[in-house]
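Notes for the structure review
Chain by chain, the residues:
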Amino acid sequence: LSLTKVLIVDDSLSVRNSLSQLMRDSGYEALLARDGLEAINIIRAERPDIVLTDLEMPRMNGFDLVSYIRNTSDQPGLPVVMITSRNMAKHRQQAEDAGVNRFIAKPFIDDEILECIETELSMVL
């Protein structure tokens, strides 16, 4: 039985570390990327079950990553949760328009992230 793969995309090392620890503690496999371009390579190679992504990152931001997943990847239905400090209505609307499944504001609560993952995965599996 393979673990559920959670791809964590954030340019902040501390966020990647805290989320990956949370995933491992919760029985998930954590895959890590620093930005959207790294994430695309991981999506192609590893086929994650869900993506947790930041909005603002160098090289490729969260919106461009979601656009790639929805329109170009071979996993267009891959659940994407955006976790960002950009919490204005316009950011939420842009995320929704891009095809983000859930939007969580930083600082996030671990239980909120876990509940969100379980909910999104239950709709896919």
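The rules we used
- Residues numbered from 1 in each chain as written.
- Predicted model: local features only at pLDDT ≥ 70, side-chain atom pairs only at ≥ 80, totals over all residues.
- Heavy atoms only, no water.
- Axes fitted to C-alpha atoms, helices over the stretch in contact; angles between N-to-C directions.
- Helix = DSSP H or I, 4+ residues; strand = E, 2+ residues; numbered from the N terminus.
- Parallel < 35°, antiparallel > 145°, perpendicular 65-115°, else oblique.
- Left-handed = near helix turned anticlockwise from the far one by under 90°.
- Contact = heavy atoms within 4.5 Å.
- Nonpolar A, V, L, I, M, F, W, Y, C, P; charged D, E, K, R; others polar.
- Salt bridge = Lys/Arg side-chain N within 4 Å of Asp/Glu carboxyl O.
- Buried < 20%, exposed > 50% of the residue type's maximum accessible area, 1.4 Å probe, protein only.
- Lys, Arg positive; Asp, Glu negative; His and termini not counted.
- Pairing = 2+ DSSP bridges.
- Polar contact = N/O pair within 3.5 Å; in protein donor to acceptor, adjacent residues only side chain to side chain.

Looking at the packing of helix 3 (residues 62-71) against helix 4 (residues 89-98)
Packing of helix 3 against helix 4 brings their axes to within 9 Å, and their N-to-C directions diverge by 20°. Classified by the angle between their axes, helix 3 and helix 4 sit roughly parallel to one another. By crossing handedness, the relation of helix 3 to helix 4 is classed as right-handed. Residues F63, V66 and R70 of helix 3 touch helix 4, and the partners they reach there are H91, Q94, A95 and A98. Across the contact of helix 3 with helix 4, the residue classes tally to four nonpolar, two polar and one charged.

Re the pattern of salt bridges
Scanning the entire structure with this criterion turns up nine salt bridges. Close ionic contact of E38 with R34 constitutes a salt bridge, the shortest N to O distance being 2.7 Å. Judged by its relative accessible area of 49%, R34 is partly exposed. A salt bridge links E115 to R102; the shortest N-O distance between them is 3.2 Å. Of this pair, E115 sits in helix 5 (residues 110-124) while R102 is found in strand 5 (residues 102-105), placing the two residues 13 residues apart along the sequence. The class of E115 is partly exposed, set by a relative accessible area of 38%. For R102, a relative accessible area of 25% puts it in the partly exposed group.

As for the side chain of R16
Turning to its location among the elements, R16 is positioned in helix 1 (residues 13-25). The side chain of R16 is buried and forms no salt bridge, while D10, the nearest opposite charge, is found at 5.9 Å.

Describing the sheet that holds strand 3 (residues 50-53)
Read from one edge of the open sheet, five strands run 2-1-3-4-5, paired in parallel fashion. Each of the sheet's edge strands pairs with one partner strand only, and the pair in question is strand 2 (29-33) and strand 5. Within this sheet the neighbouring strands show an average axis-to-axis angle of 20°, counted without direction. Bridge count for strand 3 against strand 4 (residues 80-84) is three bridges, and the pairing is parallel. Looking at strand 4, one finds that L52 is bridged to V81. Where helix 3 meets the sheet, it contacts strand 1 (5-9), strand 3 and strand 4, and its direction lies at approximately 180° from that of strand 4.

Quick word on helix 3
For helix 3, every residue scored as buried is listed here: G62, F63, L65, V66, Y68 and I69. Elements in contact with the buried residues of helix 3: strand 1, helix 2 (36-46), strand 3, strand 4 and helix 4. Capping the start of helix 3 is the job of one residue whose side-chain oxygen sits 3.0 Å from the backbone nitrogen of F63: N61.

Things to note about the packing of helix 2 against helix 3
Relative to each other, helix 2 and helix 3 sit at 25°, their axes nearing to 9 Å. One finds that helix 2 runs roughly parallel with respect to helix 3. For the pair helix 2 and helix 3, the crossing hand works out as right-handed. Residues G36, A39, I40, I43 and R44 of helix 2 lie in contact with helix 3, whose contacting residues are L65, Y68 and I69. For the contact of helix 2 with helix 3, the per-class residue count stands at six nonpolar, one polar and one charged.

By themselves, these figures tell us nothing about what the structure is for.
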